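Here are the chains, one letter per residue:
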Amino acid sequence: MSGYGDYSLEIYLNGLNGVVPDLPMTYADLEARASAAMSPALLSYVAGGAGDEFTQRANAAAFGQWGLIPRMLRATGSRALSVDLFGMTLPSPLFLAPIGVIGLCAQDGHGDLATARAAARTGVPMVASTLMNDPLEAVAADLGDTPGLFQLYTPRDRDLAASLVQRAETAGYRGIVVTLDTWMLGWRPRDLSVANFPQLRGNALANYTSDPVFRASLAKPPEEDMPAATLQWATIFGNPLSWDDLPWLRSLTSLPLLLKGVCHPEDVRRARDLGVDGVYCSTHGGRQVNGGMTALDALPGVVEAADGMPVLFDSGVRSGADVVKALALGATAVGIGRPYAYGLALGGEDGIVHVLRSLLAETDLTMAIDGYPSIADLSPEALHRNAFRA
Ligand SMILES: Cc1cc2nc3c(=O)[nH]c(=O)nc-3n(C[C@H](O)[C@H](O)[C@H](O)COP(=O)(O)O)c2cc1C
Ligand SMILES: O=C(O)C(=O)c1ccccc1
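About the criteria used
- Residues numbered from 1 in each chain as written.
- Chains lettered and ligands numbered in written order.
- Predicted model: local features only at pLDDT ≥ 70, side-chain atom pairs only at ≥ 80, totals over all residues.
- UniProt positions renumbered as here; feature names shortened; annotations may be inferred.
- Helix = DSSP H or I, 4+ residues; strand = E, 2+ residues; numbered from the N terminus.
- Buried ≥ 20, exposed ≤ 12 C-beta atoms within 10 Å, placed from the backbone.
- Contact = placed C-beta atoms within 7 Å.
- Core = buried A, V, L, I, M, F, W, Y, C linked by C-beta atoms within 7 Å.
- Near = placed C-beta within 6 Å.
- Nonpolar A, V, L, I, M, F, W, Y, C, P; charged D, E, K, R; others polar.
- Expected span 1.5 Å × (residues − 1).
- Axes fitted to C-alpha atoms, helices over the stretch in contact; angles between N-to-C directions.
- Parallel < 35°, antiparallel > 145°, perpendicular 65-115°, else oblique.
- Left-handed = near helix turned anticlockwise from the far one by under 90°.
- Pairing = 2+ DSSP bridges.
- Right-handed = clockwise from strand over helix to strand, strands pointing away.

Going by the annotation in an unreviewed UniProt entry, the name recorded for the protein chain is Lactate 2-monooxygenase, with Rudaeicoccus suwonensis given as the source organism. Recorded under Sequence similarities (unreviewed entry), the UniProt text for the protein chain is reproduced unchanged: "Belongs to the FMN-dependent alpha-hydroxy acid dehydrogenase family."

Visitor: In this structure, what is going on with the overall build of the protein chain? I would like to understand it.
Guide: The helix and strand tally for the protein chain stands at 16 helices and 12 strands. Based on the C-alpha atoms only, the size of the protein chain along its principal axes is roughly 70 × 50 × 40 Å. In the protein chain, which comprises 390 residues, the share counted as buried stands at 49%. Counting contacts in the protein chain only where the partners sit at least 6 residues apart, residues at least 24 apart contribute 73% of the total.

Visitor: What exactly am I supposed to notice about the nonpolar core here?
Guide: Most often, soluble globular proteins have nonpolar side chains that are buried together. Core analysis: the largest hydrophobic core is formed by 114 residues, its most contacted members being V279, C281, L299, V302, A326, A331 and L356. If one sorts the elements of this core by residue count, helix α16 (residues 338–370) sits on top with 14 residues. Apart from residues lying up to four places away in sequence, A326 is in contact with L296, L299, F313, V317, A331 and V334.

Visitor: Help me understand the site of ligand 1, please; the structure alone is not making it clear to me.
Guide: The environment of ligand 1 is formed by 24 residues, the closest being A97, G100, S129, G285 and G337. Residue assignment for the shell around ligand 1 shows that the elements contributing at least two residues are α3 (40–47) and α16. Looking at side-chain class alone, the shell around ligand 1 contains nine nonpolar, 11 polar and four charged residues.

Visitor: Explain helix α5 (residues 111–122) here, please?
Guide: Because an α-helix packs 3.6 residues into every turn, residues spaced three or four apart end up facing the same way. Between its first and last C-alpha atoms α5 spans 16 Å; for 12 residues at 1.5 Å apiece the expected length is 16 Å, and the two agree. Within α5, 10 of the 12 residues are buried, which leaves the element mostly enclosed by the surrounding structure. Along α5, the positions that sit buried rather than exposed are G111, D112, L113, A114, T115, A116, R117, A118, A119 and T122. Buried residues belonging to α5 abut β4 (94–96), β5 (126–128), α6 (136–143) and α16. Phi for G123, located one or two positions after α5, is positive at around 75°.

Visitor: Explanation requested: the packing of α6 against helix α7 (residues 158–171) in the structure shown.
Guide: To characterise two packed helices, one gives the angle between the axes of the helices and the distance between these axes. Two elements in contact, α6 and α7, have axes separated by 9 Å at closest approach and are oriented at 25°. Between α6 and α7, the angle falls in the class roughly parallel. Every pair of crossing elements has a handedness; the one defined by α6 and α7 is right-handed. Residues L136, E137 and A140 of α6 form the contact with α7, whose own contacting residues are R167, A168 and A171. Taken together, the residues of the contact of α6 with α7 sort by class into four nonpolar, no polar and two charged.

Visitor: Which parts of the structure should I look at to understand the pairing of strand β8 (residues 257–260)?
Guide: Consecutive residues of a regular strand have side chains that alternate between opposite faces of the sheet. The side-chain alternation of β8 yields two buried faces, one formed by L257 and L259 and the other by L258 and K260. Relative to β8, strand β7 (residues 176–179) runs parallel, the two sharing four bridges. The residue of β8 that forms the bridge with I176 is L257. Summarising the sheet, β8 and strand β9 (residues 278–281) pair through three bridges and their orientation is parallel. Across the sheet, K260 pairs through a bridge with Y280, a residue of β9. Following the backbone out of β8, through helix α13 (residues 265–273) and into the adjacent parallel β9, one traces a crossover that is right-handed.

Visitor: It is not clear to me how the site of ligand 2 should be interpreted in this structure. Could you clarify?
Guide: G100, L131, T182, L185, Q199, H284 and R287 make up every residue found near ligand 2. Across the shell around ligand 2, the residue classes tally to two nonpolar, four polar and one charged.

Structure representation (structure tokens):
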């Protein structure tokens, strides 16, 4: 049974001793204070999105269409927030979405490890990006007993893809998440304005530079010629996959295989037919394309087509109320993106833990007060279409 809501009591009790939180309690404050703590180039990369960022804003605003219907007298004195995913029992429905430059968001450049340690402390699983400053093996070691999934950016070199997946299996990751919406880079005016793309400067490439297949493709080891290694990375990074590649992807692993960026029911059905174990409904936080549908609008159709297969969700989740709504629309687990990057930039590992505990507390309190004692009680019928939109 969840005691996540007790985080607020803990804070109020600390106040009796004159202690007030040194980390932000609102998303607006988190974003503002983290922005001030980051370099302008890193901030434009993390906070920015595609085009004029309409889709990025709409992803978050879409939650305002829905309101949880309060129900009374439903004995919500304790809440059940745990979820089952691929045979794992997770303590809560949250997970950490893959963030390729999370390493850079920490002062020491090891934000991938800090994220893994925050995952270990909270039990919130981490989806580790292909693009990390530390190799996937080191990140797995810091996860402890908390499960990790490995997010694959499928390179053009099939042997390199196979090597990365094999390494993830050996390191103990519990699933492979293949991201399909980012085999090429979208139009990102903020980054273009400062002519900065972190990976092209050699950042977050540790999984490549530590890989025997990648190293064998280089004339000189990356330690001697990183610019050449980086150019090689740019050449092989993105593979424009088709459905014909799916049997090959499936053959790479016996771990659960998930596809990230899937928003159309027909794509869900096709993935299912080809032996995929789960789909991940996301619009990449509006970073890749602008002007499209929001991830939340796509979610009900994806859930229906998934027909019981797990559906991970992210894009625009900023509060516990958002988490509850995504669960009610059928998400199996809900991914946190930018909020934890800001938590890390502002407060290191403790900053991530604070962001996660705050989101979980608000989720728990929302379910308690509105009369939904377990995640199983959350369904589309629990939601009302709001007439008023802020
Ligand atoms: C700075 C940054 C880097 C990201 N890198 C990756 C990545 O390496 N792989 C991936 O699949 N998604 C990546 N994403 C997308 C996230 O996994 C997630 O879909 C997105 O952040 C959700 O939107 P939100 O942060 O606005 O909630 C990245 C997002 C951000 C903000
Ligand atoms: O910045 C991103 O969202 C991201 O994941 C990415 C990674 C490599 C190339 C382009 C985008």
